Amino acid sequence: EPEVTQTPSHQVTQMGQEVILRCVPISNHLYFYWYRQILGQKVEFLVSFYNNEISEKSEIFDDQFSVERPDGSNFTLKIRSTKLEDSAMYFCASTGTETYEQYFGPGTRLTVT
Amino acid sequence: GQQLNQSPQSMFIQEGEDVSMNCTSSSIFNTWLWYKQDPGEGPVLLIALYKAGELTSNGRLTAQFGITRKDSFLNISASIPSDVGIYFCAGREDYGQNFVFGPGTRLSVLP
């Protein structure tokens, strides 16, 4: 069964460093998303991406964040200068065009020290 | 922005009991998704609902799209220990691509 994959599973970085989180969405899906979940809290929408551009972003997704689809399979989230409060699980998700079933990856746990 | 409420926030039940939880919104939604999340893992899609009044089952799980389009319900019958986890609802408004998530219902199943 196709699934969304994410790497790395855990990333530890120092405050102020740049990180890139990687995702491979389900292959025939066209809508891609990044979400964040701070420990013990709900899933929060960051950004959606369609047709090689951002279609919507939340207030959390400020200038420190960017997304890219560098090739036909990967979808990345970059945080330019990490802050302590960026520590969270980051989930990638993708959706096809025939249904709106949104499938999540296993997440990357980002720890900023 | 839109807010979803889920109730109850948490529940403790005995194995074998049935469970009901719900999700409400101040906005009208055209799609509801229900997810289960285990600790340290990504949410797993359980059921998707697309029409007001729709009732859909997935094994022991049954979810309904409320007729007001502002709520949805999830029922689990004959609970088992592996049902433990956090259940999230997510809703999508008309003309939107994105989903907003509820805060979750934490389910504990006692043997």
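Rules used throughout
- Residues numbered from 1 in each chain as written.
- Chains lettered and ligands numbered in written order.
- Predicted model: local features only at pLDDT ≥ 70, side-chain atom pairs only at ≥ 80, totals over all residues.
- Heavy atoms only, no water.
- Helix = DSSP H or I, 4+ residues; strand = E, 2+ residues; numbered from the N terminus.
- Rg over C-alpha atoms; globule rule 2.2 N^0.38 Å.
- Buried < 20%, exposed > 50% of the residue type's maximum accessible area, 1.4 Å probe, protein only.
- Contact = heavy atoms within 4.5 Å.
- Areas by Shrake-Rupley, 256 points an atom, 1.4 Å probe, with all protein chains shown as cover.
- Lys, Arg positive; Asp, Glu negative; His and termini not counted.
- Charge placed at Lys NZ, Arg CZ, Asp CG, Glu CD.
- pLDDT = per-residue confidence, 0-100.
- Polar contact = N/O pair within 3.5 Å; in protein donor to acceptor, adjacent residues only side chain to side chain.
- Pairing = 2+ DSSP bridges.
- Axes fitted to C-alpha atoms, helices over the stretch in contact; angles between N-to-C directions.

Could you clarify how one ought to interpret the overall build of chain A in this entry?
Tallying secondary structure elements over chain A gives 0 helices and 11 strands in all. In chain A, the succession of α and β elements from N to C terminus is β-β-β-β-β-β-β-β-β-β-β. The C-alpha radius of gyration of chain A comes to 13 Å, within 12% of the 13 Å expected for a compact globule of 113 residues. In terms of principal-axis extent, the alpha carbons of chain A reach across some 40 × 25 × 25 Å. Every one of the 113 residues in chain A was classed for burial, and the buried ones make up 43%. When contacts within chain A are restricted to residue pairs at least 6 apart in sequence, long-range pairs at least 24 apart make up 53% of them. Within the structure as shown, chain A displays about 5900 Å² of accessible surface, and the carbon and sulfur contribution to it stands at 44%. Averaging the locations of the 9 positively and 15 negatively charged side chains of chain A gives two centres separated by 6 Å.

Quick question: what am I supposed to make of the confidence of the model for chain B here?
In low-pLDDT segments, the atomic positions of the prediction should not be examined closely. Averaged over every residue, the pLDDT of chain B is 93; residues scoring 70 or more account for 97%. Predicted confidence in chain B is weakest over strand β10 (residues 99–101) of chain B, with a mean pLDDT of 89, and strongest over strand β7 (residues 61–65) of chain B, with 98.

Looking at this model, I keep getting lost on the side chain of S72 of chain B. Mind explaining?
Residues and elements named next belong to chain B. Along the chain, the position of S72 falls in strand β8 (residues 71–76). Here S72 falls in the buried class, since its relative accessible area comes to 0%. In this structure the side chain of S72 is engaged in a polar contact, spanning 2.8 Å, whose partner is the backbone oxygen of Q64.

Honestly, the sheet that holds strand β1 (residues 4–7) of chain B in this entry has me stumped. Any pointers?
One key point about sheets: their strands pair by backbone hydrogen bonds, in either a parallel or an antiparallel sense. All names here are of chain B. One open sheet accounts for 5 strands, arranged β1-β3-β8-β7-β6; its pairing is antiparallel. Whereas interior strands pair on both sides, the edge strands pair on one side only; in this sheet they are β1 and β6 (55–58). The sheet shows a mean angle of 15° between the axes of neighbouring strands, taken without regard to direction. Pairing geometry for β7 and β8, over 5 bridges, is antiparallel. Each residue of the ladder has a partner; that of L61, found in β8, is I76.

I tried to follow the pairing of strand β8 (residues 75–79) of chain A on my own but got confused; where do I start?
Residue and element names in this part refer to chain A. With 4 of its 5 residues buried, β8 lies for the most part within the structure. In terms of strand pairing, strand β3 (residues 19–24) meets β8 through 5 bridges, oriented antiparallel. In the strand pairing of β8, R22 is matched with T76. Where strand β7 (residues 65–68) and β8 come together, 4 bridges link them in antiparallel fashion. Its bridge partner being in β8, V67 is matched across the sheet by L77. Here β7 folds back onto β8, and the loop between the two strands holds 6 residues.

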